[in-house]
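# Descriptive analysis of the structure
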Amino acid sequence: GQIQSANAQANAATQDADAKRLMAQEVQDRQNLNRETMRRQGEATMGNQASQYAAGNVDVGSGSPLMTMENTLAETNRKINNNQIEADFRSRMYLIGAANEDQVSNADRTSGWWKAGSTILTGASGIAKGFGSSPGGGNSIMNGASNIGVDTGGSMSIGQAGTIS
């Protein structure tokens, strides 16, 4: 029972860890899509700026128009980099959570075995104590077993300290 219960808890923790690893990957996948979208939007904005300057017969190779377009490119790159930093941070948090769940899973499995072993040893200790304290003294199973008897009513009874008498 204890091993099965511990294994069930460990399996749940393992599933949580797997889900967190998937979420970490999903964060990065979405960032890759967002980066491409933002890059295209920046290029479109710069294209619109160049078209507007050209329509006004403004030289875009120098001066304020060039600085405006360079600023648009720099701003686009800054947004992409900031979003990547945020995505990396969130992804790392999910991976740290997954590693924690893996540790919980391992601890649950180990504790299940320890609890089961402890239960077995506690039960064996109780049995040994029962056989070790008989009215005739001594510390052997035979001393405890020598006091088994049937009363006149034909039933068995338990003697002191758990021995059958």
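Fair warning: this is a prediction, and the values are worked out from it, not measured in the lab.

For the protein, the helix and strand inventory stands at three helices and zero strands. Starting at the N terminus and walking to the C terminus, you meet the elements of the protein as α-α-α. Per-residue burial for the protein yields a buried fraction of 19% across its 165 residues. In the protein, of all internal contacts separated by at least 6 residues, the share reaching a separation of at least 24 is 63%. In the form shown here, the protein has an accessible surface area of approximately 11,200 Å², with 58% of it arising from carbon and sulfur atoms.

Take the side chain of Thr-76 next. Topologically, Thr-76 is positioned in helix 2 (residues 63–132). Among the polar contacts listed, one links the side chain of Thr-76 to the backbone oxygen of Thr-72, at a separation of 2.9 Å.

Now for a nonpolar patch on the surface. Together, Phe-89, Met-93 and Ile-96 give the surface a local cluster of nonpolar side chains, amounting to about 290 Å² of exposed area. Locating Phe-89 in the fold gives a position in helix 2. You can call Phe-89 partly exposed: its relative accessible area is 43%.

Following the sequence through the fold, Gln-41 ends up in helix 1 (residues 2–55). Accessibility expressed as a relative area gives 49% for Gln-41, which makes it partly exposed. Considered as a pair, Gln-41 and Thr-76 are 35 residues apart in the sequence and their alpha carbons are 8.3 Å apart.

All chains considered together, the criterion is met by eight salt bridges. Between Arg-39 and Glu-36 there is a salt bridge whose closest N-O contact spans 2.2 Å. On the criterion of helical spacing, the pair formed by Arg-39 and Glu-36 is a turn pair, its members being three residues apart in helix 1. Glu-36 sits in the partly exposed class, given a relative accessible area of 28%. Across the pair Glu-43 and Arg-39 runs a salt bridge, and its minimum N-O distance is 2.5 Å. Pair noted here: Glu-43 and Arg-39 are both in helix 1, with a separation of four residues, about one helical turn. Take Glu-43: its relative accessible area is 45%, and that puts it in the partly exposed class. Under the relative-accessibility criterion, Arg-39 is labelled partly exposed at 33%. One network of salt bridges, in which partners are shared, links Glu-36, Arg-39, Arg-40 and Glu-43.

Bringing the confidence of the model for the protein into the picture now. Within the protein, residue pLDDT values average 77, and 65% of them lie at 70 or more. When the criterion is pLDDT under 50, residues 137–165 qualifies, and its contacts beyond four places in sequence or with other chains add up to 41 contacts.

Moving on to the side chain of Ser-91. As for its position among the elements, Ser-91 is in helix 2. In contact with Ser-91, other than residues within four places in its own chain, are Ala-24, Val-27 and Gln-28.

Calculation criteria
Residues numbered from 1 in each chain as written. Predicted model: local features only at pLDDT ≥ 70, side-chain atom pairs only at ≥ 80, totals over all residues. Heavy atoms only, no water. Helix = DSSP H or I, 4+ residues; strand = E, 2+ residues; numbered from the N terminus. Buried < 20%, exposed > 50% of the residue type's maximum accessible area, 1.4 Å probe, protein only. Contact = heavy atoms within 4.5 Å. Areas by Shrake-Rupley, 256 points an atom, 1.4 Å probe, with all protein chains shown as cover. Polar contact = N/O pair within 3.5 Å; in protein donor to acceptor, adjacent residues only side chain to side chain. Patch = residues over 30% accessible without salt bridge, like charges linked within 9 Å, V, L, I, M, F, W, Y side chains within 5 Å. Salt bridge = Lys/Arg side-chain N within 4 Å of Asp/Glu carboxyl O. pLDDT = per-residue confidence, 0-100.

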